[in-house]
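What follows is the residue order along each chain.
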Amino acid sequence: MTIADSASFMDNGSLCFPCTPHEEAKIVKELTDKAESCSKEGDLYYVISNRWFSRWQRYVGEETGEYMSEELSTDKEASSLKKAGERPGPIDNTDIITNEGGRDVSDLQLPRTLIERSDYVLVPQVVWEKLHGWYTGGPALPRQMISLGIQKTLSVEVYPLALKVIDSRDKSEIIIHISKKASLRKLYEQVSSLKRVDTEKVRIWDYFNNCKQTALVSSDQTLEESNLQMDQSILFDVQIDEFIPSGFGMDSTGNQLALVLMEPPRSSRTIAGGPSLSNGNGPDYGYGSTLYQGPTVGSVSTDTEHKRDSVRSDLQRDRGLAGLQNLGNTCFMNSALQCLVHTSPLVDYFLQDYINEINKQNPLGMRGELAVAFGELLRKLWSSGRTVVAPRVFKGKLARFAPQFSGYNQHDSQELLAFLLDGLHEDLNRVKQKPYIETKDSNGRPDEEVANEFWSYHKARNDSIVVDVCQGQYKSTLVCPDCGKISITFDPFMYLSLPLPSTATRSMTITVFYGDGSGLPIPFTVSVPKYGYCKDLFQALGTACCLESDETLILAEVYKHKIYRYLDNGESLPTIKDDECIVAYRLLKKHAEFPMLEICHRYLENVKPDERTRSLTPLVTHLEGAKSGTDIELAVNRVLSPLKRKVLLSTNTSDGMKVNGLVSDTTEESTSDCQMDTQVAHPFGDKDSEEAYSNELSFRLCINDDRGMSGKPILKDSVVKPSKIVKIVLDWTDKDHELYDSNYLKDLPMVYKPGLTVKKTKQESISLFSCLDAFLKEEPLGPEDMWYCPGCKEHRQATKKLDLWRLPDIIVFHLKRFSYSRFLKNKLDTFVNFPIHNLDLSKYVKNKDPSGGANVYELYAISNHYGGLGGGHYSAYAKLVEEDRWYHFDDAHVTPVSEGDIVTSAAYLLFYQRVKTSKLNEPTGESSKVHEDF
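Here is what the cut-offs are and how they apply
Residues numbered from 1 in each chain as written. Predicted model: local features only at pLDDT ≥ 70, side-chain atom pairs only at ≥ 80, totals over all residues. Heavy atoms only, no water. Helix = DSSP H or I, 4+ residues; strand = E, 2+ residues; numbered from the N terminus. Buried < 20%, exposed > 50% of the residue type's maximum accessible area, 1.4 Å probe, protein only. Contact = heavy atoms within 4.5 Å. Areas by Shrake-Rupley, 256 points an atom, 1.4 Å probe, with all protein chains shown as cover. Disulfide = S-S within 2.5 Å. Salt bridge = Lys/Arg side-chain N within 4 Å of Asp/Glu carboxyl O. Pairing = 2+ DSSP bridges. Core = buried A, V, L, I, M, F, W, Y, C linked by side-chain atoms within 4.5 Å. pLDDT = per-residue confidence, 0-100. Phe/Tyr/Trp six-rings, centres within 6.5 Å; stacked < 30°, edge-to-face > 60°. Lys NZ or Arg CZ within 6 Å of the ring centre and 35° of its normal. Axes fitted to C-alpha atoms, helices over the stretch in contact; angles between N-to-C directions. Polar contact = N/O pair within 3.5 Å; in protein donor to acceptor, adjacent residues only side chain to side chain. Parallel < 35°, antiparallel > 145°, perpendicular 65-115°, else oblique. Left-handed = near helix turned anticlockwise from the far one by under 90°. Expected span 1.5 Å × (residues − 1).

Engineer: Would you explain the overall build of the chain in this entry?
Structural biologist: Looking only at helices and strands, one finds 19 helices and 44 strands in the chain. Taking all 934 residues of the chain together, the buried fraction comes to 51%. Within the chain, counting contacts between residues at least 6 apart in sequence, those at least 24 apart form 73% of the total. For the chain, the accessible surface area stands at approximately 43,700 Å², while carbon and sulfur atoms represent 50% of it.

Right, here's the structure in full:
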């Protein structure tokens, strides 16, 4: 007999299902891998409710992989639902569909607030067909694979474009859904079919904001290229008696549309930009992609010349106070853009003629199109007074070059900012041919020499307005823990991502079990960082239980008397809820190479086989060179040895002592003395018993499958198949209960059991300087980020220390409020106290060369994030320097705000500008020298 590992197929003769859970998982994985390895545009994927799919994953023994927010309920019922492993019923997608605006059940759509992996999953068509064949149900929600951007990135279009069709004849409205990659010809066919009108007699208008923009000509141009937005209107016209409806071929002002290309004159007042309509005063100035397919960067409209003279005067009236229209969850984009367009050096640059600096040949850039789109948008925002601007053209360019920001889901304003700054730099890089430069090691040279050398190398390949004002330099020091080799490099930075050091802690109770059977289980209560990681719990628990240097701990969550999951160092502590039961198994490091034996328990006596239920806490130990069932029994006997009941035969026998949970030598000796009388002297019994039951073990053990069902019994000659984990079930008999005290394995304590009254904690508050200190502190690299030491010629877990060396004129601080792990997304609402005036960073800058300028900064913009994950909202605060007044930019709404109200716990990105030397004599604000007061 061979003992299979836990991943092998079980005997399913008693099951009524076509496949075992493991077989289902194997089939789905193989089909998924095959489909994804050869996926192409046009393939069908199906949307499945994650509520149902997670149940199926738990049924087949897979990790659900679903994200949980810290705010989610942690009650018993929710935990039970999360971990139940019953076979799910029919596929049920009713919780993720809506038919609002749809025509019939064949036009089912999803609410746009849903998040992939949290609310729904996507499976290939072949997987859907297999799951539907096993479980039936529905309804089916097919979605098409499309390609995005110039890189042709494949993505499933979960939310097709929703367009409101307005019939000009009777003003009736109808919602249609169509792929944004569909052609205008396909749009004509779909609308004509709905209206039962010959396609040749139809004219469709871009009716964005319920205003005629341009006529959409039936062609192969896609709806995405036509800048049609989600939920916008299109106007449906019907040609009567070969008469073209009034207005066709004209813009909203009634002027005939024409596109004449011309090179802009080289003037400081030139509005550089891409192709645009000849009439620049329409609602979407610069929008002309529906009429012209071959724009050239630098071309402008024919009537732009006489409008240039009015730009300066327009800037004097409410300059910089235009809002940005939300085009469907684009508040993240609007927030970042408002911060950038209120950055003085960028405003000055893009309001002048920058056409000569556009780099169309840079392979790392976007042929200058991103810079032109941004420049046009900035000019519009600074010349529109308080008129709301719809950034349709810019959003279209963004989707083309950064498809990760396409669609209508919420994104991260910091990620967008990073892409924009890098993209603008490459589009405006003055270096046309980047030289190859091989960097040299510091080799003990002075820091000033090495830093200047690295900066000159960087500037030789990167030279743009972004580098001029937004890039700084920091010193990075790596030290090898083995040979002591020191490596110093000086690297550029565009922003600083600062961690939020939390002082909040939580109390956790963990029960420690001895894997070698040397002691009884003991619960320990430790204090750990509230937003820390399991490595913090390992460290605290190791200190509490006096872990030896040759020992290690394996953390696991126990649910329904079995190990639900093992926890690794990178696991976020907020994923562990207060009502869960966490255990730690204390094992020797040298045994890590051996298979791990996982022992679950059941009661056997007076119970039918199919009614046996799990009980007690699972035990874990190592199988040292195990080859047969006899070796498994020895391991079970060893780990249960602390639970043996003490039976005294005489008054001379010592009672034994327990010290710190350990069974003393006296106890073992006493137990050994009485084992012959209590028939537990040897795991196989005496010689007669061994002969009578030559192939049976003294314990009733059986192999355990993935679903917790017991398989065939383990005998002495059972062969152990090599595997990382061998899972077995110990069936407890009445005799076993007489010999071992199982009470030690009952009633695991929860991680935390709150009292009747819970104190309301005060919101945590830290200073910006504390965040900067945490960013710059020395720390070891993670195991996944090892450094190749040139001295040892090996990868080492070196220590790393960062120092600021050269600061830019514009410095952006990114407060890292969001954390992600395999099972949890979390946001920190910690209040960060940051100065508005005179932020003094002098103490942090190691370069003392005065030519770099003063290191004092003033705040001028903030990107804020409100609410939780997925459903949050972005806005921005920006200061109009000329007015010395702050404004709140909330998409289209722009309102004044008091300076005293801009420091909030919603601050996410902080934009500072270097203070000119002439202003340094004014009263100072906060400085790095007083941050200890916070």
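Engineer: How should the state of the cysteines be read in this particular structure?
Structural biologist: Structurally, a disulfide amounts to a covalent bond that connects the sulfur atoms of two cysteines. Taken as a whole and assessed by the stated rule, the structure comprises zero disulfides. You can see C792 has no disulfide; the closest cysteine sulfur is in C483, sitting 3.5 Å from it.

Engineer: Hey, could you run me through the pattern of salt bridges in this one?
Structural biologist: Between side chains of opposite charge, pairing is possible as soon as their charged atoms come close. Scanning all chains against the criterion turns up 37 salt bridges. The residue R185 makes a salt bridge to D220 at a minimum N-O spacing of 2.3 Å. Of this pair, R185 sits in helix α5 (residues 184-195) while D220 sits in the loop between β12 (215-216) and β13 (233-238), and the two are 35 residues apart along the sequence. Between R445 and E453 there is a salt bridge, and its shortest N-O distance comes to 3.0 Å. On the accessibility criterion, R445 (22% relative accessible area) is partly exposed. Connected through shared salt-bridge partners, E357, R430, K459, D463 and D468 make up one network.

Engineer: Would you take a moment to explain the pairing of strand β8 (residues 153-156) for this structure?
Structural biologist: On any regular strand, side chains alternate: one points to one face of the sheet, the next to the other face. Bridge count for strand β7 (residues 142-148) against β8 is four bridges, and the pairing is antiparallel. When the sheet's bridge partners are listed, M145 is paired in β8 with V156. Counting the residues in the hairpin turn of β7 and β8 gives four residues, including G149, whose phi is positive at 70 degrees.

Engineer: Hey, could you run me through the nonpolar core in this one?
Structural biologist: Nonpolar side chains tend to gather and get buried jointly when the protein is soluble and globular. In terms of nonpolar packing, the biggest core is built from 63 residues, with F350, F374, F394, L398, F419 and L420 touching the most fellow members. By residue number, the principal contributor to this core is helix α9 (residues 369-383), which donates nine residues. Excluding anything up to four places from it in sequence, F350 contacts A371, F374, G375, L378, R379, L424 and L428. L597, L619, V620 and F699 belong to the second-largest nonpolar core, a separate cluster that totals 37 residues.

Engineer: Mind showing me how you'd approach the confidence of the model for the chain here?
Structural biologist: In low-pLDDT regions, the fine details of the predicted coordinates are not to be read closely. Summing up the model confidence of the chain, the mean pLDDT is 78 and the portion of residues at 70 or higher is 76%. Confidence drops under a pLDDT of 50 for residues 66-84, and excluding neighbours within four residues, the segment shows 48 contacts in the predicted structure.

Engineer: Help me understand helix α7 (residues 331-341) in this model?
Structural biologist: By the criterion of burial, α7 is predominantly enclosed, with eleven of the eleven residues buried. When α7 is considered as a whole, its buried residues turn out to be C331, F332, M333, N334, S335, A336, L337, Q338, C339, L340 and V341.

Engineer: Explain the packing of aromatic side chains here, please?
Structural biologist: Describing an aromatic ring pair means giving the distance of the ring centres and the angle of the ring planes. Applying the stated criterion across every chain yields a total of 21 aromatic pairs. Seen in terms of ring centroids, Y349 and F350 are 5.1 Å apart; in terms of plane orientation they differ by 85 degrees. Their pairing is edge-to-face. Note on F350: relative accessible area 0%, which makes it buried. Taken together, the ring pairs in this structure connect Y349, F350, Y354 and F374 into an aromatic cluster. Against the face of F236 rests K195, its NZ or CZ located 6.0 Å from the ring centre. Above the plane of the ring of Y844 lies K843, whose end atom (NZ or CZ) is 5.4 Å from the centre.

Engineer: Looking at this structure, how should I read the sheet that holds strand β31 (residues 779-780)?
Structural biologist: What links the strands of a sheet is backbone hydrogen bonding, and the strands pair in either a parallel or an antiparallel sense. Strand order in the open sheet formed by four strands is β15-β14-β34-β31, and the pairing between neighbours is antiparallel. Edge positions in the open sheet fall to β15 (486-493) and β31, since each of these has one partner strand only. Sheet analysis places strand β14 (residues 472-479) next to strand β34 (residues 799-806), joined by seven bridges and oriented antiparallel. If you follow T477 over to β34, its bridge partner there is K801. Packed on one face of the sheet, helix α12 (residues 447-461) meets β14, β15 and β34 and runs near 45 degrees to β15.

Engineer: For this particular structure, what's the right way to read the sheet that holds strand β9 (residues 161-167)?
Structural biologist: The strand order β10-β9-β13-β11-β12 describes an open sheet built from five strands, whose pairing is mixed. Taken across any chain shown, the strands that pair with only one partner, and hence form the sheet edges, are β10 (173-178) and β12. As paired strands, β9 and β13 are joined by four bridges and run parallel to one another. Residue pairing across strands places K164 opposite S233, the latter belonging to β13. Across the sheet, α5 is in contact with β9, β10, β11 (202-206), β12 and β13; its angle to β10 comes to roughly 140 degrees.

Engineer: Teacher, can you tell me more about the environment of E858 here?
Structural biologist: With respect to the element layout, E858 can be found in strand β40 (residues 856-866). When the C-alpha atoms of E858 and R914 are compared, they prove to be 6.4 Å apart, with 56 residues separating the residues in sequence. Within the structure, the side chain of E858 is placed 3.3 Å from the side chain of K879, a separation counted as a polar contact.

Engineer: Explain the packing of α9 against helix α11 (residues 413-427) to me, please; I cannot follow it from the model alone.
Structural biologist: Each pair of packed helices gets described by two things: the angle between the helix axes and the distance between those axes. At a minimum axis separation of 8 Å, α9 and α11 run at an interaxial angle of 110 degrees. When the axis of α9 is compared with that of α11, the two are roughly perpendicular. Of the two elements, α9 crosses α11, and the hand of that crossing is left-handed. Of the residues in α11, those in contact with E369, L370, A371 and F374 of α9 are F419, L420, G423, L424 and D427.

Engineer: Mind showing me how you'd approach α12 here?
Structural biologist: The α-helix winds at 3.6 residues per turn, so residues separated by three or four positions along the chain end up facing the same way. The end-to-end C-alpha distance of α12 is 22 Å, a good match for the 21 Å that 15 residues give at a rise of 1.5 Å each. Along α12, the positions that sit buried rather than exposed are V450, A451, E453, F454, W455, Y457 and H458. On its buried face, α12 sits against α13 (465-470), β14, β15 and β34.

Engineer: Help me understand the side chain of T32, please; the structure alone is not making it clear to me.
Structural biologist: Locating T32 in the fold gives a position in helix α1 (residues 21-37). There is a polar contact of 2.7 Å between the side chain of T32 and the backbone oxygen of V28. If near-sequence neighbours (up to four positions away) are discounted, T32 is found in contact with P124 and V127.

Engineer: Please explain the side chain of S718 as it appears in this structure.
Structural biologist: Tracing the backbone through its elements, the reader meets S718 in the loop between β27 (710-713) and β28 (719-720). Its relative accessible area of 0% is what places S718 among the buried residues.

Engineer: What should I look at first to understand unusual backbone geometry in this one?
Structural biologist: Peptide bonds are, in most cases, trans, and in most cases residues other than glycine have a negative phi. Following G138, the chain continues to P139 via a peptide bond in cis, the omega torsion being -5 degrees. The phi dihedral of R367 is positive, around 55 degrees, even though this residue is not glycine. Tracing the chain through its elements places R367 in the loop between α8 (344-350) and α9. Look at D891: it is not a glycine, yet its phi comes out positive at around 55 degrees. By secondary structure assignment, the location of D891 is in the loop between β42 (885-890) and β43 (893-897). According to the relative accessible area criterion, D891 is buried, its value standing at 12%.

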